[in-house]
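# Chains, contacts and geometry: an overview
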Amino acid sequence: MSSRTSPTSQPITIRRAVARDARRLTRLVRGSGAYAGKYASAVAGYRVGPDYIEAHRAFVAVGGDEHEGRVLGFYSLVLDPPELDLLFVADEVQGRGIGRLLVAHMRSEARAAGLDRVMVVSHRPAEDFYHRVGAVRTGTALANPPAVPWDRPEFEFRIPSE
């Protein structure tokens, strides 16, 4: 477990996700404003189940103060092949540094696992965020209709050893 403070001075704890978080994580994915409009179909039936949490390195950012114990965001790191599979921050707390904290935590986990890079397949609304947190654009994942009817930017986080 790690505790950090976001730019709004709210204590944020990042902890390993557990099975009982599954419904909250699913709601966070399905309710994401980044997937509104034409992107809604990508998350409409998406489910983060206890089996997914158990099979992957999933971590949640939990807020204190006025967000007492509420899951504010989460990510999932897949080790083989190395990929940041999911990263979501609740719409109402975006812009407060929680996504940046989750990325820093992910980089630390990747380093501890011996990874030197982590891939991300994003979507257009998140592209600027990934640039701001240090990911490098490496290509484009082409549309795969009907599941994903649009091209998606691919990024890579380089993980230096320390």
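Our subject in this report is the structure included herewith.

The rules behind each value
Residues numbered from 1 in each chain as written. Predicted model: local features only at pLDDT ≥ 70, side-chain atom pairs only at ≥ 80, totals over all residues. Heavy atoms only, no water. Helix = DSSP H or I, 4+ residues; strand = E, 2+ residues; numbered from the N terminus. Rg over C-alpha atoms; globule rule 2.2 N^0.38 Å. Buried < 20%, exposed > 50% of the residue type's maximum accessible area, 1.4 Å probe, protein only. Polar contact = N/O pair within 3.5 Å; in protein donor to acceptor, adjacent residues only side chain to side chain. Contact = heavy atoms within 4.5 Å. Pairing = 2+ DSSP bridges. Core = buried A, V, L, I, M, F, W, Y, C linked by side-chain atoms within 4.5 Å.

## A closer look at the overall build of the chain
A count of helical and extended segments in the chain gives 4 helices and 8 strands. Counting from the amino terminus, helix and strand elements in the chain follow one another as β-β-α-α-β-β-β-α-β-α-β-β. Here the C-alpha atoms of the chain give a radius of gyration of 15 Å, agreeing with the 15 Å that 2.2 N^0.38 yields for 162 residues. Reported as C-alpha extents along the three principal axes, the dimensions of the chain are approximately 40 × 35 × 30 Å. Looking at the chain residue by residue over its 162 residues, the buried ones come to 46%.

## Some thoughts on the side chain of Glu156
Mapped onto the fold, Glu156 is located in strand S8 (residues 152–158). Of the polar contacts made by the side chain of Glu156, one reaches the side chain of Arg158; its length is 3.1 Å. Ignoring sequence-local partners within four residues, the contact set of Glu156 consists of Arg117, Val118, Met119, Gly134, Ala135, Val136 and Thr138.

## Considerations on the pairing of strand S5 (residues 82–89)
Across the 8 residues of S5, 6 count as buried, placing the element largely inside the fold. The pairing of strand S4 (residues 70–79) with S5 spans 7 bridges and is classified as antiparallel. Note on S5: the bridge partner recorded for Gly73 is Val89. Connecting S4 to the next strand, S5, in antiparallel fashion are 2 residues.

## As for the nonpolar core
Residues Phe74, Leu84, Met106, Val118, Tyr130 and Phe157 are the most contacted members of the largest nonpolar core, which totals 48 residues. Top element by residues in this core is helix H3 (residues 98–112). It accounts for 6 residues. What Phe157 contacts, discounting residues up to four positions off in sequence, is Leu84, Val103, Met106, Arg107, Asp116, Arg117, Val118, Val120, Tyr130, Val133, Gly134 and Ala135.

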